[in-house]
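Spelled out, the chains give:
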Amino acid sequence: MPYGLEKVTDPEYPIYQQVLEFYNFSRQVRGFTQETIKAKTNSVNNFIRFSGVKRVEDITNQQIFDWIDWNKSKGNTGRTINNYVY
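Residues numbered from 1 in each chain as written. Predicted model: local features only at pLDDT ≥ 70, side-chain atom pairs only at ≥ 80, totals over all residues. Heavy atoms only, no water.

Draft legend 1. Region of the structure containing the pattern of salt bridges. All chains considered together, the criterion is met by one salt bridge. Residue Arg55 pairs with Asp58 through a salt bridge whose shortest N-O separation is 2.8 Å. For Arg55, a relative accessible area of 36% corresponds to the partly exposed category. Using a relative accessible area of 34% as the deciding quantity, one classes Asp58 as partly exposed. (Salt bridge = Lys/Arg side-chain N within 4 Å of Asp/Glu carboxyl O. Buried < 20%, exposed > 50% of the residue type's maximum accessible area, 1.4 Å probe, protein only.)

Now the structure itself:
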């Protein structure tokens, strides 16, 4: 299943492989439906594009708060943003 990661980060960065493994785990082990995977990949890819992080370990609370604020500024409701985060 194409996840679109190559559109938001360089495959050379660790986050590419880290998130790819998460997507595969979510689909194969956790049994997420195609609709759920699509929603999660859209949210996570959007965050990666917004933040520019190169490794999962480098994600900070402040980056998440900034991303949430950015989504609010785009007119997204709290419920929509909650779906993105969880």
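Next comes the rest of the account.
Draft legend 2. How the structure looks around the packing of aromatic side chains. Scanning the model with the defined rule gives four aromatic pairs in all. Taken together, a centroid distance of 5.6 Å and an interplanar angle of 85° make the contact between Phe47 and Trp67 edge-to-face. Of this pair, Phe47 sits in helix α2 (residues 34-51) while Trp67 sits in helix α3 (residues 61-73), placing them 20 residues apart in sequence. Side by side, Phe47 and Trp67 carry an identical accessibility label, which is buried. Centre to centre, the rings of Phe50 and Trp70 are 5.3 Å apart; their planes meet at 35°, and the pair counts as tilted. Of this pair, Phe50 sits in helix α2 while Trp70 sits in helix α3, and the two are 20 residues apart along the sequence. Overall, the relative accessible area of 33% leaves Phe50 in the partly exposed class. Taking relative accessible area as the criterion, Trp70 reaches 31% and is therefore assigned partly exposed. Grouped by ring-pair contacts, the aromatic residues Tyr3, Phe22 and Tyr23 constitute a single cluster. (Phe/Tyr/Trp six-rings, centres within 6.5 Å; stacked < 30°, edge-to-face > 60°. Helix = DSSP H or I, 4+ residues; strand = E, 2+ residues; numbered from the N terminus.)

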